[in-house]
Amino acid sequence: DRDLATPPGSPTAGDTYIIAASPTGAWSGKAAQVTIWDGAAWVFGVPRIGWQAFVEDEDKLTVYKSGGWSAGVAI
């Protein structure tokens, strides 16, 4: 998912998100970063040009490029 700006209330270990604009709570200041719930805490990754992600709820493949994440291509 990449349209959430607030962490979900009951994440499951392995849940992964691309953080939306204007994040709040534990995600504050982490817009466009990738985060994964490790079962106890959120672990963040700053994307680099060329990173790819499959956005499951959109059924799209996206890539991080200069300027942010692409709109994605339907798979």
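Just above, that's the structure.
Predicted model, so just to flag it, every value in this text is computed and none were measured. (Residues numbered from 1 in each chain as written. Predicted model: local features only at pLDDT ≥ 70, side-chain atom pairs only at ≥ 80, totals over all residues. Heavy atoms only, no water.)

A word on the overall build of the chain
Counting its secondary structure elements, the chain contains zero helices and seven strands. Secondary structure elements of the chain occur, N-terminal to C-terminal, as β-β-β-β-β-β-β. A compact globule built from 75 residues would reach a C-alpha radius of gyration of about 11 Å, and the chain, at 12 Å, matches this within 12%. In terms of overall dimensions, the chain has C-alpha extents of about 30 × 25 × 15 Å along its principal axes. The proportion of buried residues among the 75 residues of the chain is 32%. Long-range contacts, defined here as pairs at least 24 residues apart, represent 19% of the contacts in the chain between residues at least 6 apart. (Helix = DSSP H or I, 4+ residues; strand = E, 2+ residues; numbered from the N terminus. Rg over C-alpha atoms; globule rule 2.2 N^0.38 Å. Buried < 20%, exposed > 50% of the residue type's maximum accessible area, 1.4 Å probe, protein only. Contact = heavy atoms within 4.5 Å.)

As for the pattern of salt bridges
For the coordinates displayed, the defined rule picks out one salt bridge. The shortest N-O distance in the salt bridge between R2 and E58 comes to 2.9 Å. Here R2 is found in the segment before strand 1 (16-18), whereas its partner E58 is found in the loop between strand 4 (52-55) and strand 5 (60-65), with 56 residues between them in sequence. Judged by its relative accessible area of 29%, E58 falls in the partly exposed class. (Salt bridge = Lys/Arg side-chain N within 4 Å of Asp/Glu carboxyl O.)

Here we look at a nonpolar patch on the surface
Residues F54, L61 and I75 make up a contiguous nonpolar surface patch of about 300 Å² in total accessible area. Positionally, L61 belongs in strand 5. L61 gets classed as partly exposed once you look at its relative accessible area, which sits at 34%. (Patch = residues over 30% accessible without salt bridge, like charges linked within 9 Å, V, L, I, M, F, W, Y side chains within 5 Å. Areas by Shrake-Rupley, 256 points an atom, 1.4 Å probe, with all protein chains shown as cover.)

Quick word on the pairing of strand 4
Only one face of strand 4 is buried: it carries A53 and V55, and the other face, with Q52 and F54, is open. In the sheet, strand 4 pairs with strand 5 via four bridges, with the strands oriented antiparallel. Residue F54 lies in a different strand from strand 5, and its bridge partner there is L61. Counted between consecutive antiparallel strands, the loop separating strand 4 from strand 5 contains four residues, among which D59 sits at a positive phi close to 55°. (Pairing = 2+ DSSP bridges.)

Some words on the side chain of S70
Looking at the secondary structure, you find S70 in the loop between strand 6 (68-69) and strand 7 (73-74). By relative accessible area, which is 15% here, S70 ends up buried. In contact with S70, other than residues within four places in its own chain, are R2, T62, V63 and K65.

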